[in-house]
Structures are given as C-alpha cells and as structure tokens.
Amino acid sequence: MVLLVLGVLVWSAVHLSPALAPQRKQALWDRLGEGPYMGLFSLGVLAGLGLMIMGWRGTQPELVYLPDPALRMPALGLTVLGFLLIGFTKSPGRIKRVVRHSQLTGVGLWAIAHLLLNGDSRSLVLFGGLLIWCVLEIVLISRREGEWVKPDAPPLAQELVGISIGLVMMAVFIFAHPWLAGMPVY
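Described in the following lines is the structure provided in the data block. (Residues numbered from 1 in each chain as written. Predicted model: local features only at pLDDT ≥ 70, side-chain atom pairs only at ≥ 80, totals over all residues. Heavy atoms only, no water.)

## Things to note about the overall build of the protein
Now for step 1: The number of helices and strands found in the protein is 7 helices and 0 strands.
Now for step 2: A globule of 186 residues ought to have a C-alpha radius of gyration of about 16 Å, and the protein, at 18 Å, matches this closely.
Now for step 3: Seen through its C-alpha atoms, the protein measures out along the principal axes to roughly 45 × 40 × 25 Å.
Now for step 4: Put simply, 78% of the contacts in the protein that link residues at least 6 apart link residues at least 24 apart.
Now for step 5: If you sum the accessible surface of the protein, you get close to 11000 Å²; carbon and sulfur atoms cover 72% of it. (Helix = DSSP H or I, 4+ residues; strand = E, 2+ residues; numbered from the N terminus. Rg over C-alpha atoms; globule rule 2.2 N^0.38 Å. Contact = heavy atoms within 4.5 Å. Areas by Shrake-Rupley, 256 points an atom, 1.4 Å probe, with all protein chains shown as cover.)

Here you go:
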C-alpha cells in the first residue's frame, strides 16, 4: 500500500506544482529550457504512474464496502463518457463549450466509475486519490486562468477527431487493463 500511496502523491505533486508554485516552475523553465523542463516533468509523471502500478499490483485488497451490482451499467457509462472527454483534450469540440477541463473531468468520471465498481482499500486509495487530485487541479487551473471564455463550435469533422481519439484510448486501456490492473475488464 505504501507504493500506491506514494505513487498517488508523486503524481499529484508533479501535476499540482505548476499551479501551486508558478514562480518556481517558471524559474526552473528559464534555467533548464522548455525541452529539459518538460522531460523532467514527464519523468515525474512516469515515476508516479510506475509507483501506482507497482503499488496496485503489490497490495492485497481488503473489502471496505460492497459495491451495488445495479451501479455496474451506470459506472460503465461514466467510463465511456470519461474516455470521450479525455479524447477532446487537444482536439476542439462542442463539449468544450459545456466542460471547461475535459481531460480532468474525464479522469474524474473514470475514477468515480471505479469507486462505484470496486469497494476495496486499494481502489479507495488509487481512485479516491486521483479524484481528489482532479478536483484540486480543476479549481487551481480555473483560478489561474480566470474567467472561462468558451470556444466557438468547430466543424463536425473536427468533432469526430476527438470522439475517435477517446474511443481508441478506451480500446487501448481495455486491452492493457489485465496487464496494468491484473484483472480483465468484464
């Protein structure tokens, strides 16, 4: 469980640091340059992800609550919606006129879905921790960016790009789920 907690903390700290300490981020950016800074940031993200995977796989789950089987389909729907939102991270879409932070909202929905489907201790740490990170990140980024200026609606062809990216990502995660989580998507 220690590696899992450490992984969530490293992931969160790396992602939250630009919003919590923008001067420190800028000083590091100025000293290192864009490429090395982004490389260092990416290494931190990968370290957090690696720790989360190792921690997940190395932690014996203990039942905390029994998930309601009736929530299975709504949770799967949240997961699909989450991946579709993530697909619009860098692609324009009408959804960005409704959801300001599509990637973080998508990850948050994914985390909620997993909390609905899994009632064990390691799920609470991983998905609960990532959900808290998403909410904090959304608040901090919104505060930093100020008033939300909604984008214009893109052409339908560009809308399909975001949907396609989300569906491809979902397929990759379904395929990789047994390796990442040690269990298939069922």
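Read on, since the account is not over.
## A short note on the packing of aromatic side chains
Now for step 1: For the structure shown, the criterion picks out 6 aromatic pairs.
Now for step 2: Centroid distance Phe83 to Phe173: 5.4 Å. Interplanar angle 50°. Geometry classified as tilted. Remark: Phe173 occurs in helix α7 (residues 156-181) and Phe83 occurs in helix α4 (residues 72-87); sequence separation between them is 90 residues.
Now for step 3: Look at Phe173 and you get partly exposed, because its relative accessible area is 37%. (Phe/Tyr/Trp six-rings, centres within 6.5 Å; stacked < 30°, edge-to-face > 60°. Buried < 20%, exposed > 50% of the residue type's maximum accessible area, 1.4 Å probe, protein only.)

## Brief notes about the side chain of Thr79
Now for step 1: Mapped onto the elements of the fold, Thr79 is located in helix α4.
Now for step 2: On the basis of relative accessibility, which here comes to 13%, the residue Thr79 falls in the buried class.
Now for step 3: Non-local contacts of Thr79, meaning those with residues more than four positions away in its chain, are made with Trp110 and Ala113.

## Concerning the nonpolar core
Now for step 1: Of all hydrophobic cores here, the largest spans 25 residues; its most connected members are Met52, Trp110, Leu126, Phe127, Leu130 and Trp133.
Now for step 2: The leading source of residues in this core is helix α6 (residues 121-145), at 7 residues.
Now for step 3: Other than its neighbours up to four places away in sequence, Leu130 contacts Val8, Trp11, Met52 and Trp110. (Core = buried A, V, L, I, M, F, W, Y, C linked by side-chain atoms within 4.5 Å.)

## A look at the side chain of Ser102
Now for step 1: Among the structural elements, Ser102 can be located in helix α5 (residues 102-117).
Now for step 2: Those residues in contact with Ser102, other than ones at most four positions away along the chain, are Leu85, Ile86, Phe88, Thr89 and Lys96.

## A word on the pattern of salt bridges
Now for step 1: In this structure the tally under the stated criterion is 3 salt bridges.
Now for step 2: In this structure, the salt-bridge partner of Arg100 is Glu145, at a minimum N-O distance of 3.5 Å. Taken as a pair, Arg100 in the loop between α4 and α5 and Glu145 in helix α6 lie far apart in primary sequence, 45 residues in all.
Now for step 3: Using a relative accessible area of 48% as the deciding quantity, one classes Glu145 as partly exposed.
Now for step 4: Linking Arg122 and Asp120 is a salt bridge whose minimum nitrogen-to-oxygen distance equals 3.9 Å. There is no split in this pair, since Arg122 and Asp120 are both buried. (Salt bridge = Lys/Arg side-chain N within 4 Å of Asp/Glu carboxyl O.)

## Here's the deal with a nonpolar patch on the surface
Now for step 1: Residues Leu32, Leu40, Leu43, Leu46 and Leu49 make up a contiguous nonpolar surface patch of about 460 Å² in total accessible area.
Now for step 2: Among the elements that line the nonpolar patch, the one with the most residues is helix α3 (residues 34-58), at 4 residues.
Now for step 3: According to the relative accessible area criterion, Leu40 is partly exposed, its value standing at 46%. (Patch = residues over 30% accessible without salt bridge, like charges linked within 9 Å, V, L, I, M, F, W, Y side chains within 5 Å.)

## Some thoughts on the environment of Leu109
Now for step 1: Within the secondary structure, Leu109 is located in helix α5.
Now for step 2: Judged by its relative accessible area of 16%, Leu109 falls in the buried class.
Now for step 3: When the C-alpha atoms of Leu109 and Ser42 are compared, they prove to be 24 Å apart, with 67 residues separating the residues in sequence.
Now for step 4: Excluding anything up to four places from it in sequence, Leu109 contacts Leu78, Leu81, Gly82 and Leu85.

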